[in-house]
Amino acid sequence: MSRFGYAVRELSAAQKSAKGVSLYSRYVNRPAGRLLAAAGYAIKLTPNQITLISAAFSLGGVVLIAALRPSFAAAVAICAALVVGFALDSADGQLARLTGAGSAAGEWLDHVVDCGKMLALHMAVLIAFYRHFGFSDPLYLLMPVVFQFAAVMVFFGGILTEQLKRADRLKRGGAAPPAPASGSTLRAVALLPVDYGVFCAVFLLFGSRDVFVAVYGVLLAVHVLFLVAFLVKWYRELSAPGR
């Protein structure tokens, strides 16, 4: 069996829990990441190299948003760069699990790249709003700023909550975490509006100013609502006695 075939087989049998994962990540991004991880394994790339390649694709998409005038061709190029970057973001972790090469430094690099691309992506949208869409109204220009705030808060809050839960388990004697759940379909559908992959797909609308801004605004509102819900949920979980 080829290295690629071996990697696909092993990764297919060792997928993470689907709990808290949207339909896009479950059925599109993770499978794509699995194939990319297998390809990386076949050509002997390291997880950190995959992370850096992911960063390059994401940065390429960010540059295109800020630099290109809105058009169908620009929209396709931007979406493709962001989607591939996101799939590679899944591939680095899968490759790390396959090879046993995971490390604290690798996890740090992965999270830093994730945070950086969120910050840069919405800054690029802000530039596009002003430079290409002709917006000067502060209400329009505040949209990417608020979206950036909500997205980064959700990202950071989720990571911090998991780290604090892990530290608490170790403090209480290293109790094992609960068994992974499969995740409900209803929850997977509900999480679609805040899935980064769905946000990447929205850039297919970049060629039409009014449609793109309308959909971007809807996702902004949803992210703010989810931020409030997540903050309440995480605080209650960390405050619960005997957790």
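Note that the coordinates shown come from a computational prediction; the quantities given were computed from them, not determined experimentally.

How each quantity is defined
- Residues numbered from 1 in each chain as written.
- Predicted model: local features only at pLDDT ≥ 70, side-chain atom pairs only at ≥ 80, totals over all residues.
- Heavy atoms only, no water.
- Helix = DSSP H or I, 4+ residues; strand = E, 2+ residues; numbered from the N terminus.
- Buried < 20%, exposed > 50% of the residue type's maximum accessible area, 1.4 Å probe, protein only.
- Expected span 1.5 Å × (residues − 1).
- Polar contact = N/O pair within 3.5 Å; in protein donor to acceptor, adjacent residues only side chain to side chain.
- Core = buried A, V, L, I, M, F, W, Y, C linked by side-chain atoms within 4.5 Å.
- Contact = heavy atoms within 4.5 Å.
- Salt bridge = Lys/Arg side-chain N within 4 Å of Asp/Glu carboxyl O.
- Axes fitted to C-alpha atoms, helices over the stretch in contact; angles between N-to-C directions.
- Parallel < 35°, antiparallel > 145°, perpendicular 65-115°, else oblique.
- Left-handed = near helix turned anticlockwise from the far one by under 90°.
- Nonpolar A, V, L, I, M, F, W, Y, C, P; charged D, E, K, R; others polar.
- Phe/Tyr/Trp six-rings, centres within 6.5 Å; stacked < 30°, edge-to-face > 60°.
- Lys NZ or Arg CZ within 6 Å of the ring centre and 35° of its normal.

Draft legend 1. Region of the structure containing the environment of Glu162. Residue position: Glu162 is located in helix 6 (residues 138–171). Using a relative accessible area of 42% as the deciding quantity, one classes Glu162 as partly exposed. In the structure, Glu162 is positioned 59 residues away from Ser103 in sequence and 17 Å away in space, judged by C-alpha atoms.

Draft legend 2. Structural detail: helix 6. Taking 1.5 Å as the rise per residue, helix 6 with 34 residues should run 50 Å; its terminal C-alpha atoms sit 48 Å apart, in good agreement. Regarding helix 6, its N-cap is Asp137, as a side-chain oxygen of that residue lies 2.9 Å from the backbone nitrogen of Leu139 further along. Positive backbone phi, at 105°, marks Gly173, one or two positions downstream of helix 6.

Draft legend 3. Region of the structure containing the nonpolar core. In this structure, Ile65, Phe129, Phe203, Phe206 and Phe212 are the most contacted members of the largest nonpolar core, which totals 30 residues. Within the residue set of this core, elements represented by two or more residues are helix 3 (47–67), helix 4 (72–99), helix 5 (104–131), helix 6, helix 8 (196–202) and helix 9 (209–239). Counting residues per element, this core draws most heavily on helix 5, at six residues. Residues in contact with Ile65, not counting those within four places in the same chain, are Ile78, Leu82, Leu121, Ala124, Val125, Ala128, His132, Phe203 and Phe206.

Draft legend 4. Molecular detail of the side chain of His223. When you line up the elements, His223 lands in helix 9. Setting aside chain neighbours within four positions, we find His223 in contact with Phe147, Ala150, Ala151, Pro193 and Val194.

Draft legend 5. Up close: the pattern of salt bridges. For the structure shown, the criterion picks out seven salt bridges. Glu237 is the partner of Lys165 in a salt bridge, and the nearest nitrogen-oxygen pair spans 2.7 Å. With Lys165 in helix 6 and Glu237 in helix 9, this residue pair connects regions lying 72 residues apart in the sequence. The shortest N-O distance in the salt bridge between Arg209 and Asp210 comes to 3.4 Å.

Draft legend 6. How the structure looks around the packing of helix 5 against helix 9. Running from N to C, helix 5 and helix 9 cross one another at 140°; their axes reach a closest spacing of 13 Å. By the criterion of interaxial angle, the relationship of helix 5 to helix 9 is oblique. Handedness of the crossing formed by helix 5 with helix 9: left-handed. Contacts between helix 5 and helix 9 involve His122, Val125 and Phe129 from the former and Phe212, Val213 and Tyr216 from the latter. Split into classes, the residues belonging to the contact of helix 5 with helix 9 amount to five nonpolar, one polar and no charged.

Draft legend 7. Structural detail: helix 4. The end-to-end C-alpha distance of helix 4 is 40 Å, a good match for the 40 Å that 28 residues give at a rise of 1.5 Å each. Positive backbone phi, at 70°, marks Gly100, one or two positions downstream of helix 4.

Draft legend 8. Layout of the environment of Gly217. Residue placement: Gly217 occurs in helix 9. Residue classification places Gly217 among the partly exposed residues on the basis of a relative accessible area of 22%. C-alpha of Gly217 to C-alpha of Met143: the two residues are 74 residues apart in sequence and 7.2 Å apart in space.

Draft legend 9. Fine view of the packing of aromatic side chains. Scanning all chains against the criterion turns up 20 aromatic pairs. Seen from their ring centres, Phe199 and Phe203 are 5.3 Å apart, and the 80° between their planes marks the pair as edge-to-face. In this structure Phe199 comes out as buried when scored by relative accessible area, which is 4%. Judged by its relative accessible area of 0%, Phe203 falls in the buried class. Ring pairing ties together the aromatic residues Phe129, Phe133, Phe135, Tyr140, Phe147, Phe199, Phe203, Phe206, Phe212 and Tyr216, which thus form one cluster. Over the ring of Tyr41 we find Arg3; its NZ or CZ atom is 4.1 Å from the centre of that ring.

That's the geometry; what it means functionally is another story.
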